[in-house]
Every structure is written in C-alpha cells, then in structure tokens.
Amino acid sequence: MSAVSSLIPARFLTIIAHLVIVITIFWSRENNVKACLPLDYTQEQYDDEDRKLVVGLAITLALFAVELAGFFSGVSMFNNCQSLLSLAVHCSASVSLSYFVFERWECWTYWVIFAICSVLPASVEILLFIAIFGLKKKPV
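Residues numbered from 1 in each chain as written. Predicted model: local features only at pLDDT ≥ 70, side-chain atom pairs only at ≥ 80, totals over all residues. Heavy atoms only, no water.

Asker: I'd like a description of the packing of helix α1 (residues 7-27) against helix α3 (residues 43-73), backed by residues and values.
Answerer: Here α1 crosses α3 at 160 degrees, and the two axes come no closer than 11 Å. Compared by their axis directions, α1 and α3 come out roughly antiparallel. The two elements α1 and α3 cross, and the hand of that crossing is left-handed. Here α1 contributes Ile8, Arg11, Phe12, Ile15, His18, Leu19, Val22, Ile25 and Phe26 to the contact with α3, which in turn contributes Val54, Leu57, Ala58, Thr60, Leu61, Phe64, Glu67, Leu68, Phe71 and Phe72. Its residues placed into classes, the contact of α1 with α3 shows 15 nonpolar, 2 polar and 2 charged. (Axes fitted to C-alpha atoms, helices over the stretch in contact; angles between N-to-C directions. Helix = DSSP H or I, 4+ residues; strand = E, 2+ residues; numbered from the N terminus. Parallel < 35°, antiparallel > 145°, perpendicular 65-115°, else oblique. Left-handed = near helix turned anticlockwise from the far one by under 90°. Contact = heavy atoms within 4.5 Å. Nonpolar A, V, L, I, M, F, W, Y, C, P; charged D, E, K, R; others polar.)

Asker: Which residues make up a nonpolar patch on the surface, and what values do they have?
Answerer: On the surface, a nonpolar cluster with roughly 400 Å² of combined accessible area is contributed by Ile126, Leu127, Ile130 and Leu135. Structurally, Leu135 can be placed in the segment after α5 (107-134). Exposure remark for Leu135: the relative accessible area of 55% places this residue in the exposed category. (Patch = residues over 30% accessible without salt bridge, like charges linked within 9 Å, V, L, I, M, F, W, Y side chains within 5 Å. Areas by Shrake-Rupley, 256 points an atom, 1.4 Å probe, with all protein chains shown as cover. Salt bridge = Lys/Arg side-chain N within 4 Å of Asp/Glu carboxyl O. Buried < 20%, exposed > 50% of the residue type's maximum accessible area, 1.4 Å probe, protein only.)

Asker: Tell me what's going on with α1, and back it up with residues and numbers.
Answerer: Compared with the 30 Å implied by 1.5 Å per residue over 21 residues, the 30 Å span of α1 between its first and last C-alpha is a close match. What α1 keeps buried is the set Leu7, Arg11, Thr14, Ile15, His18, Leu19, Ile21, Val22 and Ile25. Buried residues along α1 cover an arc of 165 degrees about the axis, so they all sit on one side. Among the exposed residues of α1, those oriented more than 90 degrees off its buried face are Leu13 and Trp27. In this fold, the buried residues of α1 make contact with α3, α4 (80-102) and α5. (Expected span 1.5 Å × (residues − 1). Arc of directions from axis to C-beta.)

Written out as structure tokens, the structure reads:
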C-alpha cells in the first residue's frame, strides 16, 4: 500500500480516536471541571464551568459531523492536503486530550485544543464543500 493510499484509513482512524476521547471527556468531565475552580468553590461556579465544557464538547461533536459528512460523501476523502491536515490535527488532539483527562488540565486548555484541532479541519472541510458544491470545482 502506497503512502498516499494509506492516508484514507489513517485519517479515518485518527478522527475516530479523537471522537472517542471527546466522548470519554463527556463521561469523566467532573475532575477537569474541578481543576478549573478554586479550592473553595460554590455549586454555581461548578455549574458554570461544567456548562462551558459541555458546550465546547457539543460544538466539537457538531464539527465532527461536518468532517465525517465531507469524508464519507467523498468531498475530501481523496484530497491529500485535507487528509494530511486532518491526520495531523486529530492525532495531536487525541494525545492532547488524553493528557487533558489524565493530568486534569484546566478548562482553558480545552479551548486551545478545540480551536486548533477541531475548528481548523472543519473550516477547511466547509471550504471544500463550498468549492465543490457551490463553485462546481472537481474534487482534487
């Protein structure tokens, strides 16, 4: 199998790995929420930080839907640039979010990972949708 043809399964696996760790954070977010709070916090502060994290995770899942729609529809499946970008950022996200869970990083670090590893590839995917369906360009 050549390097180019192995991009497709590698991209799929890294997207799924990122998706699994995001779902895991949904289930185990209590420790990360507590890491965002001072030692003596109120229930209102806890609920506020928990809500922020849930919103970020929900938006991440929506961006996964956009990326997987583009991938499975063939819009970006064979686009090498998008495949490499997606592979790199989702692999980075999987490792970073694993540390986020196990090391109980503060919540602001999730937003940095989110911006780089979820928003960026989904934005490129949306641009590919526009180019192919709106401007009638051939998928590359």
